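Spelled out from the first residue to the last, the chains are:
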Amino acid sequence: MTDAQPSADRRLAAQALAADDPTGWFEPLYAEAAAGTSVVPWDRDEPNPLLVDWVTTTSTPLGGRALVIGCGYGVDAEFVAAQGIRTTAFDISPTAIRGARTRFPQSPVTYKVADLLHPPAAWLAAFDLVIESITIQSLPPAVREASIAAIRGFLAPDATLLVIADIATTPAPGPPWPLTPADMNAIATSDLTPIRVERLPRPDTPGRHRWRAEFHRPAVQGTPATDHGTP
Ligand SMILES: C[S@@+](CC[C@H](N)C(=O)[O-])C[C@H]1O[C@@H](n2cnc3c(N)ncnc32)[C@H](O)[C@@H]1O
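Conventions used here
- Residues numbered from 1 in each chain as written.
- Predicted model: local features only at pLDDT ≥ 70, side-chain atom pairs only at ≥ 80, totals over all residues.
- Heavy atoms only, no water.
- Helix = DSSP H or I, 4+ residues; strand = E, 2+ residues; numbered from the N terminus.
- Rg over C-alpha atoms; globule rule 2.2 N^0.38 Å.
- Buried < 20%, exposed > 50% of the residue type's maximum accessible area, 1.4 Å probe, protein only.
- Contact = heavy atoms within 4.5 Å.
- Lys, Arg positive; Asp, Glu negative; His and termini not counted.
- Charge placed at Lys NZ, Arg CZ, Asp CG, Glu CD.
- Salt bridge = Lys/Arg side-chain N within 4 Å of Asp/Glu carboxyl O.
- Near = heavy atom within 4 Å.
- Polar contact = N/O pair within 3.5 Å; in protein donor to acceptor, adjacent residues only side chain to side chain.
- Areas by Shrake-Rupley, 256 points an atom, 1.4 Å probe, with all protein chains shown as cover.
- Nonpolar A, V, L, I, M, F, W, Y, C, P; charged D, E, K, R; others polar.
- Pairing = 2+ DSSP bridges.
- Axes fitted to C-alpha atoms, helices over the stretch in contact; angles between N-to-C directions.

1. A word on the overall build of the chain
- When helices and strands are counted, the chain shows seven helices and seven strands.
- Counting helices and strands in the order they occur from the N terminus, the chain gives α-α-α-β-α-β-α-β-β-α-β-α-β-β.
- Compactness check: the chain gives a C-alpha radius of gyration of 19 Å against a globular reference of 17 Å for 231 residues, within 12% of the reference.
- The principal-axis extent of the C-alpha atoms belonging to the chain is close to 80 × 45 × 35 Å.
- Sorting the 231 residues of the chain into buried and exposed places 46% on the buried side.
- Intrachain contacts of the chain at a sequence separation of at least 6 include 65% that bridge at least 24 residues.
- A distance of 1 Å separates the average location of the 18 positive side-chain charges in the chain from that of its 25 negative side-chain charges.

What follows is the structure in C-alpha coordinates.
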(Lines give C-alpha, C1' and ligand atoms only; values in the text may rest on other atoms or scores of the structure.)
Protein backbone atom coordinates (compact mmCIF):
# COMPACT_ATOMS: atom_id res chain seq x y z
CA MET A 1 0.00 0.00 0.00
CA THR A 2 1.38 3.42 -0.90
CA ASP A 3 0.82 6.62 1.04
CA ALA A 4 -1.57 7.74 -1.73
CA GLN A 5 -4.08 4.91 -1.11
CA PRO A 6 -5.59 5.91 2.23
CA SER A 7 -5.77 9.51 1.14
CA ALA A 8 -7.79 8.51 -1.95
CA ASP A 9 -10.45 6.78 0.18
CA ARG A 10 -10.51 9.52 2.72
CA ARG A 11 -10.57 12.32 0.17
CA LEU A 12 -13.45 10.76 -1.78
CA ALA A 13 -15.29 9.68 1.37
CA ALA A 14 -15.02 13.16 2.85
CA GLN A 15 -16.53 14.66 -0.31
CA ALA A 16 -19.37 12.12 -0.36
CA LEU A 17 -20.14 12.49 3.33
CA ALA A 18 -20.15 16.27 3.02
CA ALA A 19 -22.82 15.80 0.37
CA ASP A 20 -24.73 13.50 2.75
CA ASP A 21 -24.11 10.55 0.42
CA PRO A 22 -22.61 7.73 2.52
CA THR A 23 -22.08 5.41 -0.45
CA GLY A 24 -21.05 8.08 -2.95
CA TRP A 25 -17.31 7.50 -2.76
CA PHE A 26 -17.01 3.86 -3.84
CA GLU A 27 -17.68 4.28 -7.56
CA PRO A 28 -15.30 7.27 -7.86
CA LEU A 29 -12.61 5.26 -6.07
CA TYR A 30 -13.01 2.25 -8.38
CA ALA A 31 -13.15 4.62 -11.38
CA GLU A 32 -9.87 6.26 -10.31
CA ALA A 33 -8.36 2.79 -9.87
CA ALA A 34 -9.56 1.80 -13.35
CA ALA A 35 -7.88 4.94 -14.69
CA GLY A 36 -4.69 4.03 -12.85
CA THR A 37 -4.68 7.14 -10.68
CA SER A 38 -5.59 5.41 -7.41
CA VAL A 39 -5.58 2.00 -5.82
CA VAL A 40 -8.42 0.18 -4.11
CA PRO A 41 -6.93 -0.39 -0.65
CA TRP A 42 -8.86 -3.57 0.14
CA ASP A 43 -8.09 -5.27 -3.18
CA ARG A 44 -6.22 -8.56 -2.88
CA ASP A 45 -5.43 -11.58 -5.05
CA GLU A 46 -6.33 -14.20 -2.47
CA PRO A 47 -9.62 -14.75 -0.64
CA ASN A 48 -9.91 -13.45 2.89
CA PRO A 49 -7.98 -15.95 5.05
CA LEU A 50 -10.58 -15.72 7.85
CA LEU A 51 -13.25 -16.69 5.32
CA VAL A 52 -11.14 -19.53 3.91
CA ASP A 53 -10.41 -20.86 7.40
CA TRP A 54 -14.10 -20.76 8.34
CA VAL A 55 -15.34 -22.41 5.15
CA THR A 56 -12.74 -25.17 5.31
CA THR A 57 -13.18 -26.00 9.01
CA THR A 58 -16.83 -25.33 9.82
CA SER A 59 -19.30 -28.11 10.45
CA THR A 60 -22.13 -25.72 9.56
CA PRO A 61 -23.90 -26.84 6.37
CA LEU A 62 -23.16 -24.16 3.76
CA GLY A 63 -26.40 -24.60 1.84
CA GLY A 64 -27.09 -24.21 -1.84
CA ARG A 65 -27.34 -20.43 -2.39
CA ALA A 66 -24.80 -17.85 -1.24
CA LEU A 67 -24.75 -14.06 -1.35
CA VAL A 68 -21.51 -12.07 -1.07
CA ILE A 69 -22.05 -8.47 -0.01
CA GLY A 70 -19.87 -5.60 -1.27
CA CYS A 71 -17.90 -8.06 -3.38
CA GLY A 72 -15.54 -5.59 -5.05
CA TYR A 73 -13.49 -7.44 -7.68
CA GLY A 74 -14.94 -10.80 -6.61
CA VAL A 75 -12.06 -12.75 -5.04
CA ASP A 76 -14.12 -13.95 -2.05
CA ALA A 77 -17.16 -14.67 -4.22
CA GLU A 78 -15.06 -16.87 -6.51
CA PHE A 79 -13.80 -18.79 -3.48
CA VAL A 80 -17.35 -19.35 -2.22
CA ALA A 81 -18.53 -20.46 -5.66
CA ALA A 82 -15.59 -22.88 -5.88
CA GLN A 83 -17.13 -24.76 -2.94
CA GLY A 84 -19.96 -25.75 -5.28
CA ILE A 85 -22.43 -23.17 -3.95
CA ARG A 86 -24.60 -21.18 -6.36
CA THR A 87 -23.22 -17.71 -5.64
CA THR A 88 -24.54 -14.22 -6.24
CA ALA A 89 -22.26 -11.29 -5.44
CA PHE A 90 -23.02 -7.61 -5.60
CA ASP A 91 -21.44 -4.23 -5.24
CA ILE A 92 -22.72 -0.68 -5.49
CA SER A 93 -19.91 0.20 -7.86
CA PRO A 94 -20.53 -0.67 -11.54
CA THR A 95 -16.79 -0.33 -12.18
CA ALA A 96 -16.05 -2.91 -9.46
CA ILE A 97 -18.57 -5.33 -10.97
CA ARG A 98 -17.11 -4.80 -14.45
CA GLY A 99 -13.68 -5.46 -12.92
CA ALA A 100 -14.90 -8.71 -11.33
CA ARG A 101 -16.34 -9.94 -14.63
CA THR A 102 -13.11 -9.02 -16.43
CA ARG A 103 -10.92 -10.65 -13.81
CA PHE A 104 -12.98 -13.87 -13.81
CA PRO A 105 -14.38 -14.20 -17.34
CA GLN A 106 -15.35 -17.88 -16.87
CA SER A 107 -16.92 -17.25 -13.48
CA PRO A 108 -19.92 -19.22 -12.23
CA VAL A 109 -20.77 -16.26 -9.96
CA THR A 110 -23.75 -14.05 -10.79
CA TYR A 111 -22.35 -10.53 -10.36
CA LYS A 112 -24.83 -7.69 -9.90
CA VAL A 113 -24.69 -3.96 -9.30
CA ALA A 114 -26.94 -3.35 -6.30
CA ASP A 115 -27.18 -1.17 -3.22
CA LEU A 116 -27.26 -2.92 0.14
CA LEU A 117 -29.42 -0.08 1.45
CA HIS A 118 -32.00 -0.64 -1.34
CA PRO A 119 -31.66 -4.31 -2.26
CA PRO A 120 -33.73 -6.11 -4.90
CA ALA A 121 -36.94 -7.50 -3.41
CA ALA A 122 -36.20 -10.89 -4.99
CA TRP A 123 -33.27 -11.33 -2.59
CA LEU A 124 -35.47 -11.26 0.51
CA ALA A 125 -35.05 -14.52 2.45
CA ALA A 126 -33.41 -16.00 -0.66
CA PHE A 127 -29.97 -17.18 0.56
CA ASP A 128 -28.64 -20.01 2.74
CA LEU A 129 -25.25 -18.41 3.29
CA VAL A 130 -24.59 -14.67 3.44
CA ILE A 131 -21.01 -13.39 3.60
CA GLU A 132 -20.39 -9.89 4.88
CA SER A 133 -16.73 -8.88 4.97
CA ILE A 134 -15.85 -5.29 5.99
CA THR A 135 -18.69 -3.61 4.10
CA ILE A 136 -20.80 -2.60 7.13
CA GLN A 137 -17.76 -0.81 8.53
CA SER A 138 -17.13 1.03 5.28
CA LEU A 139 -20.44 2.86 5.76
CA PRO A 140 -20.87 5.55 8.42
CA PRO A 141 -22.54 4.67 11.74
CA ALA A 142 -25.67 6.61 10.71
CA VAL A 143 -26.57 3.81 8.27
CA ARG A 144 -25.29 0.90 10.37
CA GLU A 145 -28.69 -0.22 11.58
CA ALA A 146 -30.14 -0.05 8.07
CA SER A 147 -27.20 -2.02 6.63
CA ILE A 148 -27.53 -4.76 9.22
CA ALA A 149 -31.31 -4.93 8.79
CA ALA A 150 -30.85 -5.35 5.03
CA ILE A 151 -28.29 -8.12 5.56
CA ARG A 152 -30.62 -9.98 7.93
CA GLY A 153 -33.34 -9.74 5.29
CA PHE A 154 -31.34 -11.88 2.83
CA LEU A 155 -31.35 -14.92 5.11
CA ALA A 156 -33.66 -17.81 4.27
CA PRO A 157 -34.91 -20.06 7.07
CA ASP A 158 -32.02 -22.19 8.38
CA ALA A 159 -29.46 -19.83 6.80
CA THR A 160 -26.04 -18.77 8.08
CA LEU A 161 -24.59 -15.27 8.19
CA LEU A 162 -20.82 -14.83 8.45
CA VAL A 163 -19.58 -11.38 9.45
CA ILE A 164 -15.92 -10.36 9.27
CA ALA A 165 -15.06 -6.87 10.53
CA ASP A 166 -12.40 -4.78 12.16
CA ILE A 167 -12.71 -4.32 15.90
CA ALA A 168 -13.28 -0.79 17.16
CA THR A 169 -10.60 0.20 19.67
CA THR A 170 -10.06 3.94 19.98
CA PRO A 171 -12.53 6.36 18.40
CA ALA A 172 -11.14 7.60 15.08
CA PRO A 173 -12.69 9.33 12.11
CA GLY A 174 -13.62 6.85 9.38
CA PRO A 175 -13.55 5.31 6.95
CA PRO A 176 -13.49 2.66 8.16
CA TRP A 177 -15.83 2.68 11.14
CA PRO A 178 -14.92 -0.63 12.84
CA LEU A 179 -17.53 -2.54 14.84
CA THR A 180 -17.82 -2.30 18.61
CA PRO A 181 -18.91 -5.20 20.83
CA ALA A 182 -22.32 -3.47 21.02
CA ASP A 183 -22.51 -3.43 17.21
CA MET A 184 -21.80 -7.17 17.14
CA ASN A 185 -24.46 -7.83 19.78
CA ALA A 186 -26.95 -5.77 17.81
CA ILE A 187 -26.66 -8.07 14.79
CA ALA A 188 -28.46 -10.84 16.70
CA THR A 189 -32.24 -10.74 16.99
CA SER A 190 -34.86 -13.11 18.31
CA ASP A 191 -34.70 -14.93 14.98
CA LEU A 192 -30.96 -14.61 14.35
CA THR A 193 -28.88 -16.50 16.87
CA PRO A 194 -25.17 -15.92 17.43
CA ILE A 195 -23.38 -19.25 17.08
CA ARG A 196 -19.79 -18.09 17.58
CA VAL A 197 -18.37 -14.58 17.89
CA GLU A 198 -14.57 -14.62 17.74
CA ARG A 199 -11.79 -12.04 17.91
CA LEU A 200 -9.10 -13.55 15.71
CA PRO A 201 -5.62 -12.46 14.72
CA ARG A 202 -5.49 -11.41 11.07
CA PRO A 203 -3.27 -13.93 9.28
CA ASP A 204 -2.56 -11.29 6.61
CA THR A 205 -1.74 -8.44 9.04
CA PRO A 206 0.33 -9.48 12.07
CA GLY A 207 -0.62 -7.71 15.30
CA ARG A 208 -4.17 -6.86 14.13
CA HIS A 209 -7.39 -8.64 15.03
CA ARG A 210 -10.80 -8.92 13.46
CA TRP A 211 -14.24 -10.09 14.42
CA ARG A 212 -15.42 -13.26 12.79
CA ALA A 213 -18.97 -14.05 13.78
CA GLU A 214 -21.40 -16.72 12.68
CA PHE A 215 -25.15 -16.28 13.09
CA HIS A 216 -27.96 -18.70 12.33
CA ARG A 217 -31.56 -18.09 11.35
CA PRO A 218 -33.69 -20.95 12.69
CA ALA A 219 -35.53 -23.16 10.25
CA VAL A 220 -39.21 -22.40 10.25
CA GLN A 221 -40.70 -24.94 12.60
CA GLY A 222 -43.91 -26.68 11.64
CA THR A 223 -46.82 -25.49 13.71
CA PRO A 224 -46.90 -27.81 16.71
CA ALA A 225 -49.77 -30.22 16.59
CA THR A 226 -52.54 -28.93 18.77
CA ASP A 227 -54.85 -31.29 20.57
CA HIS A 228 -58.30 -29.88 20.01
CA GLY A 229 -59.83 -32.80 21.82
CA THR A 230 -62.00 -35.53 20.43
CA PRO A 231 -65.34 -34.28 19.24
C1 LIG B 1 -14.25 -2.12 2.33
S2 LIG B 1 -14.76 -2.78 0.84
C3 LIG B 1 -14.82 -4.55 1.19
C4 LIG B 1 -14.70 -5.38 -0.04
C5 LIG B 1 -14.75 -6.89 0.24
N6 LIG B 1 -16.02 -7.28 0.82
C7 LIG B 1 -13.61 -7.32 1.13
O8 LIG B 1 -13.82 -7.97 2.15
O9 LIG B 1 -12.46 -7.01 0.77
C10 LIG B 1 -16.50 -2.38 0.79
C11 LIG B 1 -17.14 -2.79 -0.53
O12 LIG B 1 -18.54 -2.65 -0.41
C13 LIG B 1 -19.03 -1.90 -1.49
N14 LIG B 1 -20.19 -1.17 -0.96
C15 LIG B 1 -20.21 -0.13 -0.11
N16 LIG B 1 -21.45 0.25 0.15
C17 LIG B 1 -22.26 -0.58 -0.52
C18 LIG B 1 -23.66 -0.69 -0.64
N19 LIG B 1 -24.49 0.16 -0.02
N20 LIG B 1 -24.16 -1.66 -1.41
C21 LIG B 1 -23.33 -2.52 -2.07
N22 LIG B 1 -21.99 -2.46 -2.00
C23 LIG B 1 -21.46 -1.51 -1.22
C24 LIG B 1 -17.91 -1.01 -1.93
O25 LIG B 1 -18.01 -0.58 -3.26
C26 LIG B 1 -16.71 -1.93 -1.69
O27 LIG B 1 -16.43 -2.72 -2.79
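2. Side note on the pattern of salt bridges
- All chains considered together, the criterion is met by 12 salt bridges.
- The partner of aspartate 53 in a salt bridge is arginine 212, with the nearest N and O atoms 2.8 Å apart. One end of the pair, aspartate 53, is in helix H3 (residues 49-57); the other, arginine 212, is in strand S7 (residues 209-216), and 159 residues separate them in sequence.
- A relative accessible area of 35% places aspartate 53 in the partly exposed class.
- Each of the salt bridges in this network shares a partner with another, and the network as a whole consists of Asp166, Arg202, Asp204 and Arg210.

3. What to know about the site of the ligand
- If you check the shell around the ligand, you find 20 residues, and the closest are Tyr30, Asp91, Asp115, Leu116 and Ser133.
- Leucine 116 places a main-chain nitrogen or oxygen 2.8 Å from a nitrogen atom of the ligand.
- At 2.6 Å, a side-chain N or O of serine 133 approaches an oxygen atom of the ligand.
- Burial of the ligand by the surrounding chains reaches 96%, relative to a free accessible area of 590 Å².
- Within the residue set of the shell around the ligand, elements represented by two or more residues are helix H2 (26-34) and strand S2 (86-91).
- Here the shell around the ligand is composed, by residue class, of 10 nonpolar, six polar and four charged.

4. Considering the sheet that holds strand S1 (residues 65-69)
- One open sheet holds the seven strands; their spatial order is S3-S2-S1-S4-S5-S7-S6, and the pairing between them is mixed. The open sheet has two edge strands with one neighbour each: strand S3 (110-113) and strand S6 (193-201). Averaged over all pairs of adjacent strands, the angle between their axes in this sheet comes to 15°, without regard to strand direction.
- Sheet analysis places S1 next to S2, joined by four bridges and oriented parallel. Note on S2: the bridge partner recorded for alanine 66 is threonine 87.
- Against the sheet, helix H5 (residues 94-103) touches S2 and S3, its axis set at about 165° to S3.

5. Looking at the side chain of serine 133
- When you line up the elements, serine 133 lands in strand S4 (residues 127-133).
- There is a polar contact of 3.4 Å between the side chain of serine 133 and the side chain of asparagine 48.
- Not counting chain neighbours up to four residues away, the residues in contact with serine 133 comprise Arg44, Asn48, Asp76 and Ile164.

6. Points about helix H6 (residues 144-153)
- Residues of H6 that are buried include every one of Arg144, Ser147, Ile148, Ala150, Ile151 and Arg152, and no others.
- On its buried face, H6 is in contact with S1, S4, strand S5 (155-166) and helix H7 (181-187).

7. Some remarks on H5
- All of the buried residues along H5 are Thr95, Ala96, Ile97, Gly99 and Ala100.
- Buried positions along H5 lie against H2, S2 and S3.

8. A look at the environment of leucine 129
- One can find leucine 129 in strand S4.
- Taking the relative accessible area as the measure of exposure, leucine 129 reaches 1% and is therefore buried.
- Separated by 91 residues in the primary sequence, leucine 129 and valine 220 place their C-alpha atoms 16 Å from one another.
- Those residues in contact with leucine 129 that lie beyond four places of it in its chain are Trp54, Leu62, Arg65, Ala66, Leu67, Ile85 and Thr160.

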